[in-house]
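Okay, here's what each chain looks like letter by letter:
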Amino acid sequence: MTDVPDEEPAPVRAARPVLASDSPPKTPAARLGVAVVHDLVTVVVTGEVAPGESLPPEGVLSQHFGVSRTVIRESVKRLEEKGLLTVAQGRGTQVRPRSSWNLLDPVVLSVLVENDRELGVLDEIATVRAALEGTMSAEMASRRTEEDLERLRAAFEEMRATIDDVDAYAQSDADFHFLVMELSGNRLSENITHVLFTRARESSRFAGRPDQSAFDLTLEEHRHVLEAIEAGDAARAEEAMRAHITKAWKRRRLPTTKG
């Protein structure tokens, strides 16, 4: 196998040093392509190899992962495309500064969330979501049609109908947010927020351990967003969405070692 296919994030696994000297060799069948890219991204994102430092030589990586040098070379190219690495003649393959990383890349973002023990990444996602979704709620309030309102009312009713089913309620909650994004007409904000929200939802830390009272509060907060959009009140719609996302995350957020 010489090519690395377009990758999707690998399954979440317990964090561990990827290049630790006592790590057992990987079998070729299990470590080709996508998995090598995922592990190399983890090496960079977790700081196992820090910005300015160099990855081990190609031959060492090939032996460690149990794959050909071609697979290593192609995997390194993928990390270059994500802004994580730079290959310089005479200096080897170096990790670039974090400011150069494409944090919206699906694999990079997923690895960040996987290794987010103190929930700092999820905190940042909540902050960005509150700002962008607040703006999109205001934009929808300013441009909504009756057809738009009917769709949003239906999405809210689906939330109410599924409130006793944890998984179905979580999906209907997300669908309400995705619909507001779509109907805002703000394609760039929609795309950014969709990526952040989708990747965050893959983490059990994002879901937390909500109870029925949390579901009731969440439904009421969505009602406030709906009513503000129905009224065409952009400022109130923005505030309602910002407040909902901030409060909902605080309710779900699990304790960490930093409190």
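Values in this document were obtained by computation on a predicted structure and should not be read as measured data. (Residues numbered from 1 in each chain as written. Predicted model: local features only at pLDDT ≥ 70, side-chain atom pairs only at ≥ 80, totals over all residues. Heavy atoms only, no water.)

Description of the confidence of the model for the protein
Phase 1: For the protein, per-residue confidence averages 90 on the pLDDT scale, and 87% of positions sit at 70 or higher.
Phase 2: For the stretch residues 27–31, pLDDT sits under 50, and the model shows nine contacts to residues farther than four places along the chain or on other chains. (pLDDT = per-residue confidence, 0-100. Contact = heavy atoms within 4.5 Å.)

So, helix α12 (residues 234–252)
Phase 1: The end-to-end C-alpha distance of α12 is 27 Å, a good match for the 27 Å that 19 residues give at a rise of 1.5 Å each.
Phase 2: All buried positions along α12 are accounted for by Ala 237, Ala 240, Met 241, His 244, Ile 245, Ala 248, Trp 249 and Arg 252. All buried residues of α12 project into a common sector of 145 degrees when viewed along the axis, lining one side. In α12, the exposed positions that point more than 90 degrees away from the buried face belong to Ala 235, Glu 239 and Lys 250.
Phase 3: Residues of α12 that are buried in the fold lie against α6 (120–143), α8 (166–184), α10 (204–207) and α11 (212–230).
Phase 4: If you check the start of α12, you find a side-chain oxygen 3.4 Å away from the backbone N of Ala 235, and it comes from Asp 233. (Helix = DSSP H or I, 4+ residues; strand = E, 2+ residues; numbered from the N terminus. Expected span 1.5 Å × (residues − 1). Buried < 20%, exposed > 50% of the residue type's maximum accessible area, 1.4 Å probe, protein only. Arc of directions from axis to C-beta. Polar contact = N/O pair within 3.5 Å; in protein donor to acceptor, adjacent residues only side chain to side chain.)

Considering the pattern of salt bridges
Opposite charge on two side chains permits them to pair, given that their charged atoms come into close proximity.
Phase 1: Enumeration over the complete set of coordinates arrives at 18 salt bridges.
Phase 2: Here Arg 153 and Glu 146 are joined by a salt bridge, their closest N and O atoms 2.9 Å apart.
Phase 3: Put simply, Arg 223 and Glu 220 hold a salt bridge, and the shortest N to O gap is 3.3 Å. Taken together, the residues Arg 223 and Glu 220, both in helix α11 and three residues apart, mark about one turn of the helix.
Phase 4: Its relative accessible area of 25% is what places Arg 223 among the partly exposed residues.
Phase 5: Owing to a relative accessible area of 35%, Glu 220 belongs among the partly exposed residues under this scheme.
Phase 6: Overlapping salt bridges bring together Glu 146, Glu 150, Arg 153 and Glu 230 as one network. (Salt bridge = Lys/Arg side-chain N within 4 Å of Asp/Glu carboxyl O.)

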